[in-house]
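# Overview (structure and organization)
So the chains spell out like this:
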Amino acid sequence: MGTSVNGFSKLSKEAKAKWVAEHYASNPEETLQLMKSFQQPGSEVQKVLDGFSENTVSNFVMPFSLAPNFVINGKVYCVPMVIEESSVVAAASASAKYWMERGGFNCEVLGTRKVGQLHFSWPGDASALLAAFPEIRQKLLEETAHLTRNMEKRGGGILDMELLDMTSMEPEYYQIRVNFETCDTMGANFINSVLEEIGMLLNDIFAEADGLQHQPGSATVIMAILSNFTPECIVRASVECPVEKLWDKNLGMEADCFAEKFAKAIRIAEIDSYRATTHNKGIFNGVDAVILATANDFRAIEACGHAFAARDGQYRSLSHCEVRDGIFRFWLDIPLAVGTVGGLTHLHPMAKCALDILGNPGATELMQIIAAVGLAQNFAAVRSLTTTGIQKGHMKMHLTNILNHLQASEAQVIAALDYFEDKKVSFSTVRAFLGR
Ligand code: MEV
């Protein structure tokens, strides 16, 4: 069993590292050395990184890659991606280039509305509360104006507010649901601050509201928090071209046959949840990589994306395909509550760099870029699956990893890539090829 500790957070960074190495690591010296090697002691960057979290003892490094040639609404982007899975960036880049030659990605933001909820219980009469709510809402808007003023100046703020009577599901349970526009910020801090203020004002405003003075008891705020389910903060990315233009030399079949097979694969992901989960995972391979590169909240994006995929009660594909009148059309609708201002977006030096590479987009432009990458990733995966199979590409990356691991020379790498074109890749076959 492990060792417990008191006052861990008060120890210095070095002492924390030493403690964990001594009590938990199989090789304390090596562990300490490793942790040290991934840090830049005393540097500004290190100070910034340590400020993001608690009990930090080192940095966890991930590859920062680029996927060039993304043509989105006529503009060319080189998209930074942070991901550890091989093939993802290669697939995104190949897909971007393929669609660049066929008109690029069309993206459109369908909405930017975010949601917050104040959950409370109240013992009084529901109809009296509902009747008083227009007056309550007005007061709440006035009393939270000091928090919303700045956001309003930027074109955002509270869009609307409604009272939901949830007592048929849970006794005395009500909800004030507030819709927000948070402009270029993801908006979590703004939304939560407004909601907590509403929670604090609730009983005073209830006490003064017409028709509520003689109601029994007071409201109890259960919690005030944004909802990460933002189905109305959503973007559509699409590609389309005449079916015959889908053809390229690596397809291995006629374009019309590919179009039909591809569309069938998408339909399968629309109707079968087991396939839909893997299918959407492929979309999130691209989405998460850009979310991470721009220091957005990947947990929020994932939670919302999957809830959206299951919005009619069954988990389904986020992307759709249609082949009609000789035109192939493939699109993705995905909710993306992202920010390009606030949070870590400009604090993390590499996120700042990623946003700079993207031309410092606003939140809606970033939504479009991310959706295009998600669609590109999905296209690449389903194209592989319905043509050569996924393992061919994976094995090539796997081969490169093994060659790197075995410290093959540049000439050996070239020879091996050629030799293993039509052969099974495994650690032992590669080692045998290198004569080790
Ligand atoms: C692997 O990371 C992602 C895929 O499984 C996605 C898919 O099956 O569509 C290839």
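I will try to describe carefully the structure that is included in this document. (Residues numbered from 1 in each chain as written. Predicted model: local features only at pLDDT ≥ 70, side-chain atom pairs only at ≥ 80, totals over all residues. Heavy atoms only, no water.)

## Thoughts on the overall build of the protein chain
Across its full length, the protein chain carries 15 helices and 10 strands. Counting only C-alpha atoms and orienting by the principal axes, one finds that the protein chain spans roughly 90 × 70 × 40 Å. Taken across its 436 residues, the protein chain has 44% of its residues classed as buried. Surface summary for the protein chain: the accessible area is close to 22200 Å², and the carbon and sulfur share equals 54%. Between the centroid of the 38 positive side chains of the protein chain and the centroid of its 50 negative side chains there is a distance of 8 Å. (Helix = DSSP H or I, 4+ residues; strand = E, 2+ residues; numbered from the N terminus. Buried < 20%, exposed > 50% of the residue type's maximum accessible area, 1.4 Å probe, protein only. Areas by Shrake-Rupley, 256 points an atom, 1.4 Å probe, with all protein chains shown as cover. Lys, Arg positive; Asp, Glu negative; His and termini not counted. Charge placed at Lys NZ, Arg CZ, Asp CG, Glu CD.)

## Digging into the packing of aromatic side chains
The final tally for this structure, using the stated rule, is 22 aromatic pairs. Plain terms: the ring middles of phenylalanine 180 and phenylalanine 190 are 5.8 Å apart, the flat faces sit at 80 degrees to each other, and that makes the pair edge-to-face. Residue phenylalanine 180 is located in strand β6 (residues 173-181), and its partner phenylalanine 190 is located in helix α7 (residues 188-208); the two are separated by 10 residues in the primary sequence. Assigned by exposure class, phenylalanine 180 and phenylalanine 190 land together as buried. Ring geometry for phenylalanine 330 and phenylalanine 379: centres 6.2 Å apart, planes at 50 degrees, overall tilted. Of this pair, phenylalanine 330 sits in strand β10 (residues 327-335) while phenylalanine 379 sits in helix α12 (residues 363-386), and the two are 49 residues apart along the sequence. The buried category is assigned to phenylalanine 379, whose relative accessible area is 2%. The structure contains a cluster of three or more aromatic residues connected by ring pairs, namely Tyr98, Trp99, Phe258, Phe262, Phe328, Phe330 and Phe379. Taking NZ or CZ as reference, arginine 329 lies 4.4 Å from the ring centre of tryptophan 331, over its face. Cation over ring: lysine 423 sits above tyrosine 419, and NZ or CZ is 4.3 Å from the ring centre. (Phe/Tyr/Trp six-rings, centres within 6.5 Å; stacked < 30°, edge-to-face > 60°. Lys NZ or Arg CZ within 6 Å of the ring centre and 35° of its normal.)

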